[in-house]
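So the chains spell out like this:
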Amino acid sequence: MPVRVVEASSALSQPSGGTSGNTLPSACTLLSVGQAFSGTQNVSSQQKDEAWRVNVRIQGCDLDHGYLCGTMEALNVPMADTPVVTFWEGEIVDTKNYTFFTGKWGATSEDDIKHWTKFPSFSPLLSQVEVDAGKSLDLSNYPYIFMRWKEQYFVNVGTDCGLTIAGFYYVCFSCSDGSISGFYYDPNSSPFQKLELKSTNEGRLGFSFSSYELQ
Amino acid sequence: MPASASSAPPPPTHSRREDLIGRLSSSSTEAKLKALRDLKNQIIGNRTKKLCFLKLGAVPSVTSILSSSSAAAASGPACAGDDVELNDSLIIQSAAAIGSFACGFDDGVKAVLDAGAFPLLLRLISYPNDKVVGAAARSLKFIYQSKLAPRYDFLQGNNMEFIQSLLNSENENVTGLGASIITHSCQTNMEQKALSDAGIIKKLTCMLGGSVTQKDASLESLATILKGNPDVISKFMEPENGGALGTVTELTKDKNARTRLLACICLIVIKNSAPFCLQDLRIKTKLILILLELLEDDQVGDEAPFALSSLIAEKEDLQVLAFEANVIDKLVNHLRKGPLLSRRLEGILIALANMCSRQECCRDRLLSLEAMKFVTDALSQDSGEVRAAACFCLKNVSRSVKNLSAGLFMNESFVIPLVRLLFDELTFVQVSALDAISNIVVDFLANKTMFIQCGGVKQLVQLSKSMDSTIRVKAVCALRNLTFLVNDKCKEEILSELTQLTLRSLICDPEACVQEQALALVRNLVDGPLDSIQHVFAEDALLLHAVGQQLQSASKAEVFIQGMYVFTNVASGNEVHKEAVMQELFPPLANDSESIMFKFLHSDDSRLRTAAVWALVNLTFPSSCGAVGRVMKLRNAGIVSQLKNMVNDPCLDVKLRARTALGQSMTFGDGST
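Within each chain, residues carry numbers counting from 1 in the order of the written sequence. Chains carry letters from A onward and ligands carry numbers from 1 onward, assigned in written order. Given that this is a predicted model, residues contribute local features only at a pLDDT of at least 70 and side-chain atom pairs are listed and counted only at 80 or more, while totals for whole chains, interfaces and linings are drawn from all residues. Side-chain descriptors were evaluated using all non-hydrogen atoms of the structure, hydrogens and water having been removed beforehand.

The name given to chain B in an unreviewed UniProt entry is Armadillo repeat-containing protein 8, with the source organism recorded as Datura stramonium.

Going by what an unreviewed UniProt entry lists, chain A is known as Glucose-induced degradation protein 4 homolog and is assigned to Datura stramonium. The record held by UniProt for chain A lists under Sequence similarities (unreviewed entry) the comment "Belongs to the GID4/VID24 family." UniProt positions are given in the numbering used here, feature names are shortened, and annotations may be inferred rather than shown by experiment.

> Honestly, the overall build of chain B in this entry has me stumped. Any pointers?
Under the DSSP-based scheme used, a helix requires at least four consecutive residues in state H or I and a strand at least two consecutive residues in state E, with every element numbered from the N terminus. In terms of regular secondary structure, chain B is built from 41 helices and zero strands. In summary, chain B has a C-alpha radius of gyration of 34 Å against a globular reference of 26 Å for 673 residues, an excess of more than 25%. Projected onto its principal axes, the C-alpha positions of chain B cover 115 × 70 × 50 Å. Only protein chains enter the calculation, and the probe is 1.4 Å; a residue is then buried if its accessible area is under 20% of its type maximum, exposed if over 50%, and partly exposed in between. When each of the 673 residues of chain B is scored for burial, the buried share is 57%. Note that the radius of gyration is over C-alpha atoms, with the globule rule given as 2.2 Å times the number of residues to the power 0.38.

> Explanation requested: the overall build of chain A in the structure shown.
Tallying secondary structure elements over chain A gives three helices and eight strands in all. Helices and strands in chain A line up, N terminus first, as α-β-β-β-β-α-α-β-β-β-β. Across the 215 residues of chain A, 51% fall into the buried class. Put simply, 60% of the contacts in chain A that link residues at least 6 apart link residues at least 24 apart. Surface accessibility follows the Shrake-Rupley procedure with a 1.4 Å probe radius. Residue values consider only the protein chains on display as shielding. If you sum the accessible surface of chain A, you get close to 9,300 Å²; carbon and sulfur atoms cover 51% of it. Any two residues having at least one pair of non-hydrogen atoms within 4.5 Å are treated as being in contact.

> It is not clear to me how the environment of B:Leu295 should be interpreted in this structure. Could you clarify?
Residue and element names in this part refer to chain B. Relative to the helices and strands, leucine 295 is located in the loop between helix H17 (281-294) and helix H18 (304-312). Considered as a pair, leucine 295 and valine 526 are 231 residues apart in the sequence and their alpha carbons are 51 Å apart. In this view, leucine 295 contacts Gly301, Ala304, Pro305, Leu331, His334, Arg344 and Ile348; residues no more than four positions away in its chain are not counted.

> Help me understand the interface of chain B and chain A in this model?
Interfaces are often sized by the amount of accessible area the parts lose when they come together. The interface of chain B with chain A comprises 54 residues on the first partner and 37 residues on the second. As used here, buried area is the combined drop in accessible area, with a 1.4 Å probe, of two parts when they are placed together. Here chain B meets chain A over a buried area of about 3,600 Å², counting both sides, of which 51% is carbon and sulfur. Salt bridge, as applied in this entry: a Lys or Arg side-chain nitrogen positioned within 4 Å of an Asp or Glu carboxyl oxygen. Along the contact surface separating chain B from chain A lie one salt bridge. A salt bridge links B:Arg480 to A:Glu213, with the nearest nitrogen and oxygen atoms 3.4 Å apart.

> Looking at this model, I keep getting lost on the sheet that holds strand S4 (residues 84-92) of chain A. Mind explaining?
Two pairing modes exist for strands in a sheet, parallel and antiparallel, and in both the strands are linked by backbone hydrogen bonds. Residues and elements named next belong to chain A. As summarised here, the arrangement of the eight strands in space is S1-S2-S3-S4-S5-S6-S7-S8, forming a closed barrel in which the pairing is antiparallel. Each neighbouring strand pair of the sheet contributes to a mean axis angle of 30°, computed without reference to strand direction. Pairing geometry for S4 and strand S5 (residues 144-154), over seven bridges, is antiparallel. By the bridge assignment, glutamate 89 is partnered in S5 with lysine 150. In this description, a line fitted to the C-alpha atoms serves as the axis of each element, helices being fitted only across the stretch in contact, and the angle between N-to-C directions of two axes falls anywhere from 0 to 180 degrees. Of the strands in this sheet, S5, strand S6 (168-174) and strand S7 (180-185) are in contact with helix H2 (residues 109-116), which crosses S6 at around 40°. Here, a strand pair is defined by DSSP locating no fewer than two bridges between the strands.

> Would you explain the pairing of S4(A) in this entry?
For a regular strand, side-chain orientation follows a simple rule: the groups alternate between the two sheet faces. Residue and element names in this part refer to chain A. Burial analysis of S4 places nine of its nine residues in the buried class, which makes it a mostly covered element. Burial of the side chains of S4 extends over both faces: Val84, Thr86, Trp88, Gly90 and Ile92 are buried on one face and Val85, Phe87, Glu89 and Glu91 on the other. Two elements, strand S3 (residues 67-74) and S4, share eight bridges in a ladder whose sense is antiparallel. For methionine 72, the partnering residue across the bridge sits in S4 and is threonine 86.

> Help me out: how do you make sense of the UniProt feature "repeat: ARM" (unreviewed entry) in chain B in this one?
Under the local residue numbering, the UniProt record ascribes the feature "repeat: ARM" (unreviewed entry) to residues 455-483 of chain B. Taken end to end, residues 455-483 of chain B is 79% helix and 0% strand, and its two terminal C-alpha atoms sit 16 Å from one another.

> For this particular structure, what's the right way to read the packing of helix H16 (residues 257-273) of chain B against H18(B)?
Packed helices, taken two at a time, are described by the angle their axes make and the gap between the axes. Residue and element names in this part refer to chain B. Taken N-terminus to C-terminus, the directions of H16 and H18 make an angle of 15°; their axes are 9 Å apart at the nearest point. Classified by the angle their axes make, H16 and H18 are roughly parallel. The chirality of how H16 crosses H18 is left-handed. Contacts between H16 and H18 pair Leu261, Ile265, Ile268 and Asn272 from the former with Ala304, Ala307, Ser310 and Leu311 from the latter. Just so you know the grouping, Ala, Val, Leu, Ile, Met, Phe, Trp, Tyr, Cys and Pro go in nonpolar, Asp, Glu, Lys and Arg go in charged, and all remaining residues, Gly too, go in polar. Residue classes in the contact of H16 with H18 are distributed as six nonpolar, two polar and no charged. Roughly parallel here means an angle under 35 degrees, roughly antiparallel means over 145, roughly perpendicular means 65 to 115, and every remaining angle is called oblique. Crossings are sorted by hand: turned counterclockwise from the far helix by less than a right angle, the near helix makes the crossing left-handed, and turned clockwise it makes it right-handed.

> Can you help me understand unusual backbone geometry in this one?
Not every positive phi belongs to a glycine, and A:Ala133 is a case in point at roughly 65°. Positionally, A:Ala133 belongs in the loop between helix H3 (123-132) and S5. A positive phi angle, close to 50°, is found at B:Leu485, a residue other than glycine. Along the chain, B:Leu485 falls in the loop between helix H30 (469-483) and helix H31 (488-498). Residue class for B:Leu485 comes out partly exposed when judged on its relative accessible area of 26%.

> Is there a simple way to think about the environment of B:Ser553 in this case?
Mapping B:Ser553 onto the fold places it in helix H34 (residues 538-553). In this structure, the C-alpha to C-alpha distance between B:Ser553 and B:Cys508, residues 45 residues apart in sequence, is 9.6 Å.

> Help me out: how do you make sense of the nonpolar core in this one?
Counting residues in hydrophobic clusters, the biggest one holds 270 residues, and the most contacted among them are A:Trp149 and B:Met564. The leading source of residues in this core is H16(B), at ten residues. The residues touching A:Trp149, leaving out its near neighbours within four places in the chain, are A:Val56, A:Leu68, A:Met72, A:Trp88, A:Glu89, A:Gly90, A:Phe168, A:Tyr169, A:Val171, A:Ile180, A:Leu195 and A:Leu197. Core analysis: the next-biggest nonpolar cluster, separate from the first, contains 19 residues, A:Phe119, A:Phe122, A:Tyr142 and A:Phe168 among them. In these notes, a set of buried Ala, Val, Leu, Ile, Met, Phe, Trp, Tyr and Cys residues joined through side-chain atoms within 4.5 Å is what counts as a nonpolar core.

See the structure below:
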């Protein structure tokens, strides 16, 4: 939406010289532990159109370390009898712990730019990212959070399930409405598989929040 | 040939000991002297014998000899040269026997103090005979090595001069006594500064070049004076102290293991208290390697892991360095060598716990080494310290959401011994077990029934009623975590054990930290399927009213935040739920401008503003039929105006939610007509 792009531009700033304030993305309640999202992942290929229903639940969040984790449940996977649940870990692009450049998982900086630019909310950041991977950006008041989600293991099926978790997702989270867009990247899979999720309220007329506290 | 039937059998051990006690009261000085020597030889290094003689009243008898012989000496030159010598021997032997009782044995120290030997020994420090002074100083040193010794007040009268005089002495036992007094008694920053100002650091630094005993005593005292005091550390680093830091660093290579350990501890104290010192990565790595090597040492191997813990605790950079130095593998290798004595096992478990407090790579390594079996075994050890250390280790390993998500800890091998420890007779073990349980019950695989079936909830509920507020808060926190994303059946079981009445009293607990956890528990209870909200409406909405009352009367932001999220979650329900929250936030007869909502929206704490605005988002949720009426009420209460002021709130989360709530309110008109 144009409004969001304008707002995004105005919210974006670069830290002035000598500023030592916090430039990390600020906490967003819609991206806190316990929050659930549902939507689809488009896995269409040249042969056929296909989309899997997907549910995501946030299980851990540590903004200081740019860390997020949770589970992803794919519901109508053709070769699986049951929904397939995977555990993923996320890197939050906060310019302190992680930059826009992945530097691993087989992704080059060109791959990174190619995927990030698919998110409209990334365009105000592009020029600076090309200069220094976005290290000098102040994302503390930016209404979008960029992340990479990497599936780590299958929770409820074996590794012989015929599915792969070799790739990872480029993710953009909207702090305003909790919607999530993502693109799956795996050189051996169909390119740009799109993930689209919305915050779910489990039949409620509003939002609900749970919490735990690790000792 | 058989022995003669008439030869008398040796007297039983007990009567031999009583005989010795009897000889201490002999009128003959020589007999007394011999008895003292016999006694001393018997008890040296033998705790059992010390205890036996303690029970037979040996300490008062020996103190009596010390007292009378000291008095005789003080009465002047009434006795001839040989007599003086004999009397001095009595003083030396009685002082030495007292020292033996006190050495490494708290019951002995208590008996010595009770018998009044302490002031007698202290007076002997100014005795003309150097051997007497040495014996008295040695015994006092042993007393000062115990926690039971009286604290020395450095700031009173000429006390500092006395310490200076001790450290100036040529007698090694006397300087050792001076150092021991400092190690035992220096506790406050003011005392540290006074000692530093009095030039004590320089004197102790000189002792670093002395004998092994002097080096060790000096290193211990230096660590005590420097601990937690960056100002004194700066002074210690000054050149006038003759490159003391360099000397201490050199001593980490000393041939004596204890000296190496104490030098490491001294450097760790400096590092922990003044992070600007010892920035060099090499010294940090070196400390880790030396402490690992000292783990192998028979003499100081028990203490080395504790020193390692103090180096790495809560410091991620050092944990990473230690990880790279294979500390986890080496500690686990020690566990494999077992069985270990309690102190060593405790130290290793605590060091492993500290390694795993922050770094996922450390937790992964520990798990991959299949070392958790040693930890679960330790949960059932005889030593309370070991049981608590095992819980500490488990607590830190289970901080891993990745492993919690894999359901790694919610199984009988962890849960059964942990639940058993909730009944432990030692409070510190219960506290430690509660911490571990709090993490383990987060379990995302929703396999929480198993914990309930093991009796975990029943005991947590019991502990939530404890008189000890630490136990109470931790028990409620564990219940809160257990209720996180739990299914309805488990919620029912938890509530039936906990009861609405108990939960209400926890919400109204005198301690704010308990209130906070209890409210967070209720917040989780009413999350999930819509029906869950009914839990706060049971028994005439007992819990909902309790939350409302607590929000009116509490004073801590964390309590308000959890309470507001309870209301947010309830307000995400149906019309009845939303209206009930409105009633709690805006009681019919109250002045709207004094409503808690108004107060929370103005809070300096952005977390509280966020929670409050979320409640408004839910109360104005457009698809609910009563929203228009609630918006009207909120507008009349000045809340909508306040939301307009918050659309540019400095906190992004607040700003976005305020815009949502305001946008929803505006769908029912802007109130201008």
